[in-house]
2 protein chains.
Amino acid sequence: MSREIYAKSPGMPYYLCFMRAEIITIGTEILLGQTLDTNSAWLGQRLTERGVEVCRVTSVSDKPEDIVAALDAANSAWVFVTGGLGPTKDDLTKHVLTDYFHDTLTYRPEVYAHIEALFATMGRVPNSLNRPQAELPSKATILHNAVGTAQGMMWEESGRRVVSMPGVPYEMKRIMEDGVLPLMDKMQSDAHVHRYFVVQGVPESELALQIQTWEDALPKHVSLAYLPSAGFVKLRLTAIVPKSSIDAAHFTMQELSKGLRSILGNSVYTEDLSPLEVVVGHLLVELGQTLATAESCTGGAVAARVTSVPGSSAYFRGAVVAYANDVKQHQLGVGQADLLLHGAVSEAVVRQMAQGARKRLRSDWAIATSGVAGPDGGTKEKPIGTVWIAIAGPKTLWSKCFQMGKNRERTVEKTVQTALNALRSVILEGQAG
Amino acid sequence: MSREIYAKSPGMPYYLCFMRAEIITIGTEILLGQTLDTNSAWLGQRLTERGVEVCRVTSVSDKPEDIVAALDAANSAWVFVTGGLGPTKDDLTKHVLTDYFHDTLTYRPEVYAHIEALFATMGRVPNSLNRPQAELPSKATILHNAVGTAQGMMWEESGRRVVSMPGVPYEMKRIMEDGVLPLMDKMQSDAHVHRYFVVQGVPESELALQIQTWEDALPKHVSLAYLPSAGFVKLRLTAIVPKSSIDAAHFTMQELSKGLRSILGNSVYTEDLSPLEVVVGHLLVELGQTLATAESCTGGAVAARVTSVPGSSAYFRGAVVAYANDVKQHQLGVGQADLLLHGAVSEAVVRQMAQGARKRLRSDWAIATSGVAGPDGGTKEKPIGTVWIAIAGPKTLWSKCFQMGKNRERTVEKTVQTALNALRSVILEGQAG
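None of the values given here were measured: they were computed from a predicted structure.

Novice: Explanation requested: the nonpolar core in the structure shown.
Specialist: The nonpolar side chains of a soluble globular protein tend to be buried, and buried together. Core analysis: the biggest nonpolar cluster contains 48 residues, and Leu332, Met353 and Ala368 of chain A together with Leu332, Met353 and Ala368 of chain B have the highest contact counts within it. Leave out the neighbours within four places in its chain, and Leu332 of chain A touches Ala294, Val320, Ala322, Val327, Gln352, Met353, Gly356, Ala357 and Arg360 of chain A.

In structure tokens, the structure reads:
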């Protein structure tokens, strides 16, 4: 599957890859499997967006010989090295790189002033370990680290740029965003213009069919990438043009976006990569309306997603997680007869759960979920993965049955995503109709 | 920090690394940053446990020349290659490796029978793309993939073993566990005996002090690794002995474990790596008692963690997520006066929330949380990160205030972990007292 996706989304056509990059991550935690290498994924995304092809990612220990071997093997225009810049004596990257480039360390008072300022904000003063962090290689361009004491460094040698940054993700990202990415953009003769569309509730293969005609008609300088995740698909539209014609490109992208919107309509829930729970939150704030949930199979996961958004207390009232049937009766007012007659996983019960939550938690809208998450409890009529979702609103009561598959964890994840999108669709249709 | 951890936990002393390994992951999704490389982390852990040093992880595209370059650079006794074994024509790994080892593909009827059997369980039959998956290199040892159609392959050449496996995590893990790890264990002259202790609620530095004397007295052939995560620390005790004296080693480990238990007591919540929610579940099942939650700042995340355990419906009754104050009043019976006088984030309110949940959801035990998750809402008296947790039980009412830091997401995560562990401790103390 993922292969097929890649076939459709090489980031951009190979002949456009005027720059190649590779990434070297330093630190034994990654080799020991104690740490997941999220830095490379973030770098890979930022570079791909710019048409820079990442051709290799290498993780090595902090032994000098391993670091040097990786540097020798790196033959790309850009080499990004992360990790090993901390203040403790086993952080060797700076020294290894300085030797590697026949460079020498010189003390930079302005950097030390920055380190002191950072410590001051924490009401502390630098210790003896921090002073050496102001000693930096003289041939290297220093890349300011606004949020940490370890500065970034960039050496240029025979057409190759080696950039060294701390392994702490937010420090690495800040150095890239403040210093490196703007430089790369300046160096590029071409501009890369992107548009994103996140689509919910349409399987990737079906999506590809829906937009086939539109996709086939894309101009040569525009490419489309499919980036699928659990329950949704991210579409990235990229135009690569000479910087001189960037305005024209923006216009073209606008027209293409209109075309895509007219095909996909409400199934696109964001064009700025906002998570679904944020989009739903904005919608409720606009309307000045509130939300509650009544959850069985999701066990509170919908409420947890909604409240993961800062400021959600403005529109989220609360939830009743009704795992036991008598809790469905007493806390949500579900009829005992319906529970006995139809069972907890049924349209009758999930609709009463939604109405009960709306009434008892005094919200404008309510989401209800009831399903068989498994691994046990499946029957012939209601196999594992059967999930009922209901949405109750001021003038609406909507419900639908879904089949979420055999994996408990994914069933909950997909149900949360599907339920939030169902609320969004019901609200939007109500506004339209 | 992570450096310091590593200093304490190199897996094992270098001179014991009688085997070195490296990992090559194939697939452009990783380079594009679309997929996180979790396979390498899992392999790194399994190999480190066996005293095998992972000296390099390389991710390359599926271009044959990139795969070959990575293979040429790999100079370790074990080389693990994951990815690129799917049925579609851009999955080239098998063909590249077969050429690389001057091997030829031969059709294996027993493998095709296995593929047919797998499809039969899904009520389907293999298509034309699947048949070639039964064509496998003749010089390679075939590693049975019980859960997938792409078989593992192992070539041995001049003291180097190259193992190729699918990139699908559960297929790769299954092939390792069924075929490769048992073989590695058989090959080892030494046996590696492990004990795990997961410690909750003690910061790593403090933990190190508590067990310092015990740790300093460890026999030479036993090493201790600290593997910290959000809110807990995993301790791995490893004894490396000749296979002949494995019984003695087990005895030694038992004695050492007793010593560690007597120091750490209840702060160790598992010795078999069970997640905290599973440990709490077992405890409730043993007691034949039930649980409910009343959540404000965690917004349902405690309930979601508890219900992530299959079978949790046996002991979990439900939850009231009371984000709005009037929901705390009407659904949990919190006194309006206390809300006005002390505020929602207070001992008085969190205790009433726990008691209310216990009474209204008819459970033996209840967990309640109320805090300032941030980024807004902090005051001088109740800064962001202030969290009250209460536990109500048949004969107990326990409550405590914590400072969880400035990050909303981590505050929720730590509060869930801390609250579940508080329930565990209160139950155990009740049994002891």
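There is more to say, and it comes next.
Novice: For this particular structure, what's the right way to read the pattern of salt bridges?
Specialist: Between side chains of opposite charge, a pair can form when the charged atoms approach closely. Under the defined criterion, the tally for this structure stands at 26 salt bridges over all chains. Note that Asp326 of chain A and Arg317 of chain B form a salt bridge whose closest N and O atoms lie 2.5 Å from each other. One end of the pair, Asp326 of chain A, is in helix α13 (residues 325-332); the other, Arg317 of chain B, is in strand β14 (residues 316-322), on a second chain. Here Asp326 of chain A falls in the partly exposed class, since its relative accessible area comes to 21%. Ionic pairing is found between Arg20 of chain B and Glu53 of chain B, a salt bridge with its closest N-O pair at 3.1 Å. Taken as a pair, Arg20 of chain B in strand β1 (residues 19-26) and Glu53 of chain B in strand β2 (residues 52-60) lie far apart in primary sequence, 33 residues in all. Of the residues examined, Arg20 of chain B reaches a relative accessible area of 28% and is grouped as partly exposed.

Novice: Help me out: how do you make sense of the relation of the copies chain B and chain A in this one?
Specialist: The two chain copies are related to each other by a rotation about an axis together with a translation along it. Each copy superposes on the other: chain B lies on chain A with an RMSD of 0.4 Å after a rotation of 180° and an axial shift of 0.3 Å. Taken together, the turn and the small shift mark the pair as related by a two-fold rotation axis.

Novice: Looking at this structure, how should I read the packing of α13 of chain A against helix α15 (residues 347-360) of chain A?
Specialist: When two helices pack together, their arrangement is given by the angle between the helix axes and by the axis-to-axis distance. Residues and elements named next belong to chain A. At a closest axis distance of 9 Å, the pairing of α13 and α15 adopts a crossing angle of 40°. Between α13 and α15, the angle falls in the class oblique. Each of Lys328, Gln329, His330, Gln331 and Leu332 in α13 lies in contact with α15, whose residues at this interface are Val349, Gln352, Met353, Gly356, Ala357 and Arg360. Here the contact of α13 with α15 is built from residues that sort into four nonpolar, five polar and two charged.

Novice: Whenever I open this one, the interface of chain B and chain A confuses me. Can you help?
Specialist: A common way to report how large an interface is uses the accessible area buried once the components associate. Counting residues at the interface gives 67 residues for chain B, matched by 67 residues for chain A. Buried area between chain B and chain A, summed over both chains or domains, comes out near 5100 Å², and the portion from carbon and sulfur atoms is 53%. A salt bridge links Glu53 of chain B to Lys63 of chain A; the shortest N-O distance between them is 2.7 Å. Linking chain B with chain A are 24 residue pairs in polar contact (both at pLDDT 80 or more), by the criterion used here. Looking at the side of chain B that touches chain A, the elements with two or more residues in it are α1 (2-8), α2 (28-32), α3 (38-49), β2, α12 (301-307), β14 and α13 (325-332) of chain B. The element best represented in the side of chain B that touches chain A is β2 of chain B, accounting for eight residues. Residue classes in the side of chain B that touches chain A are distributed as 29 nonpolar, 23 polar and 15 charged. By the bridge criterion, five bridges tie strand β2 (residues 52-60) of chain A to β2 of chain B in an arrangement that is antiparallel.

Novice: Before we go on, may I ask you to explain the pairing of β2 of chain A in this structure?
Specialist: Residues and elements named next belong to chain A. Burial analysis of β2 places nine of its nine residues in the buried class, which makes it a mostly covered element. Sheet topology places strand β1 (residues 19-26) next to β2; eight bridges connect them, and they run parallel. Pairing of Met19 across the sheet is with Val52, part of β2.

Novice: How should I be thinking about the sheet that holds strand β12 (residues 268-270) of chain B in this particular structure?
Specialist: Sheets are built from strands that pair by backbone hydrogen bonding, the pairs being arranged parallel or antiparallel. Residues and elements named next belong to chain B. Ordered by their spatial adjacency, four strands build an open sheet running β10-β11-β9-β12, and the pairing between neighbours is antiparallel. On the outer flanks of this sheet lie β10 (222-229) and β12, each paired with one strand and no other. The sheet shows a mean angle of 35° between the axes of neighbouring strands, direction not considered. Judged from the two bridges that link them, strand β9 (residues 190-200) and β12 form a sheet pairing that is antiparallel. Following the sheet pairing, Val199 is matched in β12 by Val268. Docked against the sheet, helix α16 (residues 408-432) engages β9, β11 (232-242) and β12, running at close to 95° with respect to β12.

What counts as what
- Residues numbered from 1 in each chain as written.
- Chains lettered and ligands numbered in written order.
- Predicted model: local features only at pLDDT ≥ 70, side-chain atom pairs only at ≥ 80, totals over all residues.
- Heavy atoms only, no water.
- Core = buried A, V, L, I, M, F, W, Y, C linked by side-chain atoms within 4.5 Å.
- Buried < 20%, exposed > 50% of the residue type's maximum accessible area, 1.4 Å probe, protein only.
- Contact = heavy atoms within 4.5 Å.
- Salt bridge = Lys/Arg side-chain N within 4 Å of Asp/Glu carboxyl O.
- Helix = DSSP H or I, 4+ residues; strand = E, 2+ residues; numbered from the N terminus.
- Least-squares fit on C-alpha atoms with pLDDT ≥ 70 in both.
- Axes fitted to C-alpha atoms, helices over the stretch in contact; angles between N-to-C directions.
- Parallel < 35°, antiparallel > 145°, perpendicular 65-115°, else oblique.
- Nonpolar A, V, L, I, M, F, W, Y, C, P; charged D, E, K, R; others polar.
- Buried area = accessible area lost by both parts, 1.4 Å probe.
- Polar contact = N/O pair within 3.5 Å; in protein donor to acceptor, adjacent residues only side chain to side chain.
- Pairing = 2+ DSSP bridges.

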